[in-house]
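What follows is the residue order along each chain.
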Amino acid sequence: MQITGWDLAIILAYMVMIAAVGILSQRKVKNTKDYYVAGRSLPTFALVATICASVIGGSALIGKGGYAYNGGVICIAIGLPYMIGMFIFSAFSGKISHVGHKYGFTSMSEMMGYRFGKIVKYITAIMVAYTSMATVGAQISATGTIISTIGGDNVSYLVGALIATVIFVAYTASSGLFGVVYTDIIQFIVLLAFIYILLPIKGISAVGGLGELITNTDPAKWDWNLSPKIITLIVTNFVMTIAGAEFWQRAFAAKDRKAAFKGQFWGTSVYAVTIVITMFIGLAAALLYPTLVEDYGTADYAIPVMIVKLLPAGLAGLTLAGLLSVMMSSADSYLLVSTQAIIGDIIKPNSKNMDEKKELRLSRICSIVFGVFAFLVAMFFTNAYDALMFGWTFYAATLGVPCLAAIVWKKATTQGILAGMAVGFVISIAWNLAGSPLGIGSTIIGVVLNAIVCVTVSLATYKKYPSKEVSFE
């Protein structure tokens, strides 16, 4: 895959601009509320942009493009539950924003701790931090691979991953969510204009039009062949959305409950359209470049190859820059969430003399340290994606039901939540290590048993040990 020097220059300039925009946002950060939730000031459009840019990361764009190349409509099957979960979450996002303003919550862990106590808060924070760091490592790995491929012999994987890490750590550590959101807005516009409008038009046109694409595509790619692995992935994606710390953070950052709802709803609506477009991009790539897997080793290169081969010099560079930056936008979101989980939710509550300035300084240092750690993970662990999916599995099985219960069920108790968490965590890991007996995915068995135990124990204890309620009105 070869690109011109002009394209490389555009990519470099774009990434420098993204870093500059993020770093300049530091001027808005006066305290930790500004750092973690942008001063609860985000309007609807900013929320739409940051939600889309965060969700459409390496797995949502590159990964689904590869699924579409190999399996066609299965790409939609994987994205659909995540989309449904996001729409369901949008129904609660206004309420979450409201309690954030009312009680001063800035994270999902804080609200869980308010309702169910410190132990639940700390468990939630630790799991958020681990899963977020695994996600950051996977995004760095994917970004480093793409940069090294674009640069050819002149740029190694190490250099590519280092460039990505330095840029997003620089603006995330300095300006927090303000920097993340402002850069996400730019990335959102570039993504829509070039990857989701220009690229599919060029790709479909290159195969002779939409009719030719549909006619010439292998009929098997229109079949919904849902294997146990795919079904497990669908359940994991759905439950992960309900307990998605990054979505909770955006809801807390909204200026009011109306902006929170509209931002999540319209952000999800745009994401829904991108799922379908990604499928058609992958199908077009399969017709145009049938030997792509043999040439590059994986179908994940379907979208990057299309960009380089179909778009003219200059536009190809700008589109690739947007592709790279959106991977980093997912990484920076999770980096900030993991920092907040450790500093804001665990260390600060147990430090008697930590004022706003000290917490802000420590949060910035932690963001840098975590960024370096994620970089090392991407360097020395080739199974970063496996670590990510393993983390997502027990995260979804452990936190999905409790997070939903915290919002919708007044009878949920600390005892029920802790029991459900323990069962979901242990069973999902044991089931995974046992090789998923009977073809049932570990997330599925973990979520089901978590729900049964949580409900049973809560009903048995809510009269004697009622949890603290949160008013959503």
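Just above, that's the structure.
Residues numbered from 1 in each chain as written. Predicted model: local features only at pLDDT ≥ 70, side-chain atom pairs only at ≥ 80, totals over all residues. Heavy atoms only, no water.

A. Main features of the overall build of the protein. When you go through the protein residue by residue, the secondary structure sums to 19 helices and zero strands. In terms of overall size, the protein behaves like a compact globule, its C-alpha atoms giving a radius of gyration of 22 Å where 473 residues would be expected to give roughly 23 Å. Considered along the principal axes of its C-alpha atoms, the protein spans approximately 70 × 55 × 40 Å. Classification of the 473 residues of the protein by burial places 59% in the buried group. The long-range fraction of contacts in the protein, counting pairs at least 24 apart against all pairs at least 6 apart in sequence, stands at 85%. Element-wise, carbon and sulfur atoms account for 68% of the exposed surface of the protein, whose accessible area totals about 18,200 Å². (Helix = DSSP H or I, 4+ residues; strand = E, 2+ residues; numbered from the N terminus. Rg over C-alpha atoms; globule rule 2.2 N^0.38 Å. Buried < 20%, exposed > 50% of the residue type's maximum accessible area, 1.4 Å probe, protein only. Contact = heavy atoms within 4.5 Å. Areas by Shrake-Rupley, 256 points an atom, 1.4 Å probe, with all protein chains shown as cover.)

B. Summary view of the environment of Gly-144. Within the element layout of this structure, Gly-144 appears in helix 7 (residues 118-151). Take Gly-144: its relative accessible area is 0%, and that puts it in the buried class. In this structure, the C-alpha to C-alpha distance between Gly-144 and Thr-165, residues 21 residues apart in sequence, is 9.1 Å.

C. Examining the nonpolar core more closely. Residues Leu-61, Met-108, Phe-168, Trp-248 and Tyr-395 are the most contacted members of the largest nonpolar core, which totals 144 residues. Among the elements that make up this core, the one with the highest residue count is helix 8 (residues 157-206) (18 residues). If we ignore the near neighbours within four places in the chain, the residues touching Trp-248 are Phe-89, Ile-96, Met-108, Met-111, Ile-242, Ala-243, Cys-403 and Ile-407. Within the second largest apolar cluster, six residues are counted, among which are Ile-74, Ala-77, Ile-78 and Leu-233. (Core = buried A, V, L, I, M, F, W, Y, C linked by side-chain atoms within 4.5 Å.)

D. Here's a closer look at a nonpolar patch on the surface. Taken together, Leu-80, Ile-84, Ile-88 and Phe-238 make up a surface patch of nonpolar side chains, about 280 Å² in accessible area. Broken down by element, the nonpolar patch gets its largest block of residues, three residues, from helix 5 (residues 74-103). Relative to the elements of secondary structure, Leu-80 occurs in helix 5. (Patch = residues over 30% accessible without salt bridge, like charges linked within 9 Å, V, L, I, M, F, W, Y side chains within 5 Å. Salt bridge = Lys/Arg side-chain N within 4 Å of Asp/Glu carboxyl O.)

E. Expanded view of unusual backbone geometry. We note that Ala-38 has phi near 50 degrees; this positive angle belongs to a residue other than glycine. Here Ala-38 shows up in the loop between helix 2 (32-37) and helix 3 (44-55). The backbone of Arg-40 shows a phi angle near 50 degrees, a positive value even though the residue is not glycine. Mapped onto the elements of the fold, Arg-40 is located in the loop between helix 2 and helix 3.

F. Expanded view of the environment of Ala-260. Position of Ala-260 among the secondary structure elements: in helix 12 (residues 257-288). Classification of Ala-260 as buried rests on a relative accessible area of 4%. When the C-alpha positions of Ala-260 and Ser-93 are compared, they lie 5.7 Å apart, and in sequence the two are 167 residues distant. Dropping the residues within four chain positions of it, Ala-260 is found in contact with Leu-47, Ser-93, Gly-94, Ser-97, Ala-251 and Ala-254.

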